[in-house]
4 protein chains.
Amino acid sequence: MCRWIAYSGTPVLLSQVLLEPAHSLIDQSLHSRMGVETTNGDGFGIGWYAQDTADTPAIVRDVGPAWNNRNLREVAQHVRSDLFFAHIRAATGTAVQQSNCHPFRSGRWMWMHNGMINGFRLLRRDLALAVDPALYPDIEGSTDSELMFFLALTFGLPEDPPGAVARMAGLVERTGHAHGVRHPLQMTVAVADGERMWAFRYSSEGRSRSLYFSTRVDTLRALHPATEFLRDISDETRLVVSEPLGDLPGAWNEVPENSYGVIQPGNDVIGPFRPDVHVGSVRG
Amino acid sequence: MCRWIAYSGTPVLLSQVLLEPAHSLIDQSLHSRMGVETTNGDGFGIGWYAQDTADTPAIVRDVGPAWNNRNLREVAQHVRSDLFFAHIRAATGTAVQQSNCHPFRSGRWMWMHNGMINGFRLLRRDLALAVDPALYPDIEGSTDSELMFFLALTFGLPEDPPGAVARMAGLVERTGHAHGVRHPLQMTVAVADGERMWAFRYSSEGRSRSLYFSTRVDTLRALHPATEFLRDISDETRLVVSEPLGDLPGAWNEVPENSYGVIQPGNDVIGPFRPDVHVGSVRG
Amino acid sequence: MCRWIAYSGTPVLLSQVLLEPAHSLIDQSLHSRMGVETTNGDGFGIGWYAQDTADTPAIVRDVGPAWNNRNLREVAQHVRSDLFFAHIRAATGTAVQQSNCHPFRSGRWMWMHNGMINGFRLLRRDLALAVDPALYPDIEGSTDSELMFFLALTFGLPEDPPGAVARMAGLVERTGHAHGVRHPLQMTVAVADGERMWAFRYSSEGRSRSLYFSTRVDTLRALHPATEFLRDISDETRLVVSEPLGDLPGAWNEVPENSYGVIQPGNDVIGPFRPDVHVGSVRG
Amino acid sequence: MCRWIAYSGTPVLLSQVLLEPAHSLIDQSLHSRMGVETTNGDGFGIGWYAQDTADTPAIVRDVGPAWNNRNLREVAQHVRSDLFFAHIRAATGTAVQQSNCHPFRSGRWMWMHNGMINGFRLLRRDLALAVDPALYPDIEGSTDSELMFFLALTFGLPEDPPGAVARMAGLVERTGHAHGVRHPLQMTVAVADGERMWAFRYSSEGRSRSLYFSTRVDTLRALHPATEFLRDISDETRLVVSEPLGDLPGAWNEVPENSYGVIQPGNDVIGPFRPDVHVGSVRG
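Conventions we followed
- Residues numbered from 1 in each chain as written.
- Chains lettered and ligands numbered in written order.
- Predicted model: local features only at pLDDT ≥ 70, side-chain atom pairs only at ≥ 80, totals over all residues.
- Heavy atoms only, no water.
- Pairing = 2+ DSSP bridges.
- Helix = DSSP H or I, 4+ residues; strand = E, 2+ residues; numbered from the N terminus.
- Axes fitted to C-alpha atoms, helices over the stretch in contact; angles between N-to-C directions.
- Parallel < 35°, antiparallel > 145°, perpendicular 65-115°, else oblique.
- Left-handed = near helix turned anticlockwise from the far one by under 90°.
- Contact = heavy atoms within 4.5 Å.
- Nonpolar A, V, L, I, M, F, W, Y, C, P; charged D, E, K, R; others polar.
- Buried area = accessible area lost by both parts, 1.4 Å probe.
- Salt bridge = Lys/Arg side-chain N within 4 Å of Asp/Glu carboxyl O.
- Polar contact = N/O pair within 3.5 Å; in protein donor to acceptor, adjacent residues only side chain to side chain.
- Buried < 20%, exposed > 50% of the residue type's maximum accessible area, 1.4 Å probe, protein only.
- Disulfide = S-S within 2.5 Å.
- pLDDT = per-residue confidence, 0-100.

As annotated in an unreviewed UniProt entry, chain A carries the name Class II glutamine amidotransferase and is attributed to Streptomyces longisporus.

Here it is, written out as structure tokens:
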């Protein structure tokens with residue numbers, strides 16, 4: 001449905017990751033190879049943490065295609081960040097409007113999603129009712145993705161990201177089943193707080209959308225000693241992407257089915273992901 | 001907050017009403033005299049019934065100002081209709097997006113609003129929960145105005161427009177009071193089904209936004225025998241507007257406080273409007 | 001680079017031609033089969049003549065993709081016309097802005113184009129200087145297509161459309177050659193005045209972009225007696241398109257290389273097209 | 001017609017200058033006090049130099065009003081710069097499109113303008129012909145402002161900014177007079193190269209649009225020892241604005257009629273400005 005990219009590591013110009021690589025995200029907006037749709041032209045967004053305003057990420061989103069958007073190029077070529085997201089959208093019925101573009105933000109947190117809640121029209125009201133009433137008034141758009149974010153916030157995202165996402169996924173599963181939807185959830189999700197980022201790959205049917213993480217930079221450097229870019233970035237630099245960028249052999253590894261990873265200072269971690277169906281109520 | 005105009009009568013080019021009069025609606029988008037805001041530049045919309053596709057009105061909306069929108073001029077100068085709405089928006093916090101622009105539509109029905117639900121952030125969830133679950137998934141935007149429309153649909157708009165609007169207003173009053181809001185509702189609303197249109201003027205505090213209806217055409221014709229435009233339109237032609245257009249003495253009459261009118265084939269009717277607080281439930 | 005469609009005949013809702021057929025123009029905006037680009041998402045436009053405002057066509061253009069534009073659908077589903085154009089754009093370097101979208105208009109005339117002037121940056125100034133100084137101030141955009149229209153107007157479009165287009169093409173050829181461009185022009189062009197429309201297929205190298213015209217309706221009706229749509233439209237109804245719509249065998253015929261056609265009341269005409277290089281001056 | 005602001009000095013978040021002051025530029029987009037138009041809602045732009053990409057400024061422009069644009073707020077609240085421009089537009093006939101929004105850019109240089117060339121439609125072609133043919137293909141929009149920039153570039157802007165602007169103004173004066181325009185030019189212009197910035201105030205009739213520069217920071221600090229913001233910025237910090245911001249007594253000084261200033265490392269300079277009519281040719 002969509003494509004996304006998440007970067008964490010040595011501060012770089014956004015354009016070094018978003019525009020310059022072969023098969024870059026901007027290129028994917030016109031010619032995705034692995035997406036359900038080859039064209040992702042229904043809006044885009046970027047979110048980045050700036051060093052001295054890190055209390056909240058900057059979010060720039062627009063409703064046109066990424067490939068012809070000049071402001072996106074300008075910002076990407078002049079803004080440097082050590083942790084940023086980018087997302088291109090292929091709408092599946094919901095309105096093409098800024099509030100339906102990713103990333104979504106709440107305070108320090110940002111969120112983006114590829115996939116869908118199957119039967120969303122059937123489930124939307126019940127899921128919305130499960131959102132913390134104090135958060136409900138902040139819902140601006142009409143997507144499943146935004147609602148998934150609000151549910152994760154409701155279920156404790158800032159305290160326990162994997163747990164909150166698991167509870168959100170569990171609620172979607174149970175609500176879907178209550179409405180007779182066989183495979184309610186299909187998702188790859190990225191979430192960040194400015195220090196760390198988490199990536200999730202999950203689907204009810206066990207056939208999730210593609211997701212890749214980049215190989216450790218020191219390993220890549222050994223494999224490709226002549227590649228200049230690798231010399232300029234720290235060992236800790238990591239990308240998570242819907243589709244591989246560039247053409248460096250050995251650079252990309254598939255995120256395993258139904259698992260999640262944490263990109264953080266120190267060692268990154270990868271582990272299994274399972275919806276938590278024991279929390280929250282299902283109305284239906 | 002906003003300005004609107006509703007026309008019913010002899011088929012005319014939309015531009016004859018929207019663009020050509022002195023102090024036209026387009027002019028009001030830059031220089032409103034009677035609105036809370038002088039500038040209404042946060043989007044606009046028009047809705048019209050076409051003779052041979054009258055099963056549903058056409059709705060054209062955009063997020064920029066009306067005064068510089070070329071497509072609006074093009075459509076207005078080339079489309080003829082016997083019943084149409086136009087609306088210019090001054091946003092008060094909610095997103096500037098197409099789905100927050102008026103008119104809203106459901107089947108044959110269209111709806112537009114000027115005013116606000118006070119304390120809307122407090123009341124939004126409770127009001128949304130009162131929407132018919134079968135309609136809830138169609139909510140696309142984040143305004144009080146769209147929600148008022150969905151509540152009126154929930155409460156029987158197609159069968160009994162004044163009753164449905166009264167029940168909607170009653171629910172807003174009760175929900176507001178339950179949350180400690182003193183004067184929950186401020187509204188002028190227009191609604192149409194392609195044959196008839198209804199206009200409502202109401203506010204909790206009894207100081208409603210301005211609303212005017214045009215004098216009977218035969219009376220005006222007697223007053224202004226030299227005015228050519230009046231010779232070309234039927235006696236039944238009627239406008240309802242937030243602010244008077246043009247400068248024809250005797251042309252405009254204030255809609256009384258807390259009342260509503262019906263513009264229809266045969267005699268138009270005007271009557272008192274009171275919220276109906278006996279129906280619907282209030283959660284809070 | 002782009003795709004277009006021109007309709008002349010029995011008044012129909014625009015949507016019957018633009019939205020409903022298999023492989024419609026809107027579908028081509030996402031999935032063109034015969035275009036140089038499969039995606040035409042850099043803006044669109046429609047232009048139509050309305051029966052009682054036929055002094056000038058209505059032009060509605062926007063910078064986003066056609067496939068997700070709601071206003072386009074609304075207008076197409078509620079406006080009827082007997083002569084209309086539609087165009088979807090794939091930009092090749094020039095800005096994505098309304099003034100670069102087709103159709104272009106001057107008085108009763110409208111114009112749209114698929115193709116390009118090769119080496120346009122080299123030739124642009126010389127071509128602009130050849131525009132009638134009285135028309136020059138009306139140039140709003142930066143495309144070759146708009147400039148071709150202004151040159152055709154300069155060279156007598158209203159009096160002699162094929163001659164004016166031939167003189168425009170001749171000037172482009174000569175100016176291109178003066179700047180060392182081997183194959184200066186590649187074009188399919190449609191132009192109309194509200195009564196008739198002309199279509200041109202030409203390229204310097206003799207390998208022009210695809211262009212098709214529809215078979216006579218009476219012939220098609222004999223071939224497909226069960227096809228209801230064919231019973232409702234007049235024998236004179238004709239479409240010219242970049243790519244065939246629908247899947248009716250026998251419905252489409254290729255416009256021959258380097259030729260043009262006239263769709264008009266009475267018999268349509270097709271003839272050879274050759275640039276006229278004897279008129280106008282070339283600066284360089 | 002428009003309003004603008006230019007900042008040079010201690011690196012600040014753009015929002016500290018654009019959003020936070022009383023009567024900020026964003027506020028002026030809705031409620032200008034000194035402009036010809038009170039509403040400047042026909043597009044906006046910002047341009048800034050980033051420390052490590054200072055070869056070229058970033059330019060972000062959009063066609064909607066500044067007051068409701070979220071991307072503008074996001075960028076302003078997360079980007080820091082020591083030299084930046086911002087501009088809000090009130091169109092006077094030309095198209096509302098990104099390429100007509102200020103600032104304009106060429107390499108390291110950026111340019112913005114308030115005012116107009118009187119009789120621009122009469123003069124446009126002659127002025128365009130005077131643009132260096134190598135630069136002509138880069139013209140993207142249809143404004144007098146962009147053309148003034150291209151003329152200044154043609155006349156040596158990078159080598160001698162005041163001289164180039166004087167020659168541009170001289171050409172406009174002579175071309176205007178050749179076409180019978182009495183007072184051809186009305187302008188306040190800002191131009192920068194990343195190190196220095198220049199501001200010009202001039203009109204043919206000697207009644208130029210308003211322009212102000214800020215008082216030396218050390219003087220202001222002595223006047224207002226309690227004002228915290230003044231303690232955080234260097235003595236060299238300077239603003240030039242169409243209308244005063246904030247409400248600090250003594251902070252603003254009118255740029256004298258027909259003069260220009262240079263904001264640069266070391267002492268700033270102010271001097272008389274006179275069009276240079278001895279250079280360039282006038283066709284007409």
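Draft legend 1. Spotlight on the sheet that holds strand β6 (residues 109–117) of chain D. Residue and element names in this part refer to chain D. Reading across from one edge, β5-β6-β7-β8-β12-β13 is the order of the 6 strands in this open sheet, with antiparallel pairing throughout. Of all strands in the sheet, those with a lone pairing partner are β5 (104–106) and β13 (269–272), marking the two edges. The mean inter-strand angle of the sheet, taken between neighbouring strand axes irrespective of direction, is 15°. Relative to strand β7 (residues 185–192), β6 runs antiparallel, the two being bridged by 8 bridges.

Draft legend 2. Looking closely at the packing of helix α4 (residues 120–129) of chain A against helix α5 (residues 144–154) of chain A. Residues and elements named next belong to chain A. Close contact between α4 and α5 brings their axes to 11 Å; oriented N to C, the two are set at 30°. Looking at the two axes, α4 sits roughly parallel to α5. With respect to the hand of their crossing, α4 and α5 are arranged in left-handed fashion. In this structure, α4 uses F120, R124, L127 and A128 to contact α5, whose residues at the interface are D144, L147 and L151. For the contact of α4 with α5, the residue count by class is 5 nonpolar, no polar and 2 charged.

Draft legend 3. Molecular detail of the interface of chain A and chain C. Listed per partner, the contact involves 11 residues of chain A and 12 residues of chain C. Together chain A and chain C conceal approximately 870 Å² of surface at their shared face, both sides included; 49% is due to carbon and sulfur atoms. Here chain A is connected to chain C by 0 salt bridges. Our count for the contact surface shared by chain A and chain C stands at 4 residue pairs in polar contact (both at pLDDT 80 or more). The residue makeup of the side of chain A that touches chain C, split by class, is 5 nonpolar, 4 polar and 2 charged.

Draft legend 4. The arrangement of the pairing of strand β3 (residues 58–62) of chain A in detail. All names here are of chain A. Within β3, 4 of the 5 residues are buried, which leaves the element mostly enclosed by the surrounding structure. In this sheet, β3 lies alongside strand β2 (residues 44–48) in antiparallel orientation, the contact comprising 5 bridges. What sits directly across from G47, in β3, is I59.

Draft legend 5. View of the pairing of strand β4 (residues 80–88) of chain B. Residues and elements named next belong to chain B. For β4, the tally of buried residues reaches 7 of 9 residues, placing the bulk of the element in the interior. Two strands pair when backbone bridges link them, and strand β1 (residues 3–13) and β4 are joined in this way by 8 bridges, in the antiparallel orientation. Within β4, the residue paired with A6 across the bridge is F85. Pairing of strand β2 (residues 44–48) with β4 involves 5 bridges; the strand directions are antiparallel. Pairing of G45 across the sheet is with H87, part of β4.

Draft legend 6. Spatial organisation of the state of the cysteines. Following the criterion strictly, the structure yields 0 disulfides over all chains and no others. We note that C101 of chain B lacks a disulfide partner, and the nearest cysteine sulfur, in C2 of chain B, lies 9.4 Å from it.

Draft legend 7. Fine view of the confidence of the model for chain A. When pLDDT is averaged along chain A, the result is 92; 97% of the residues meet or exceed 70. Among the scores for the predicted complex, ipTM is 0.93 and pTM is 0.95.

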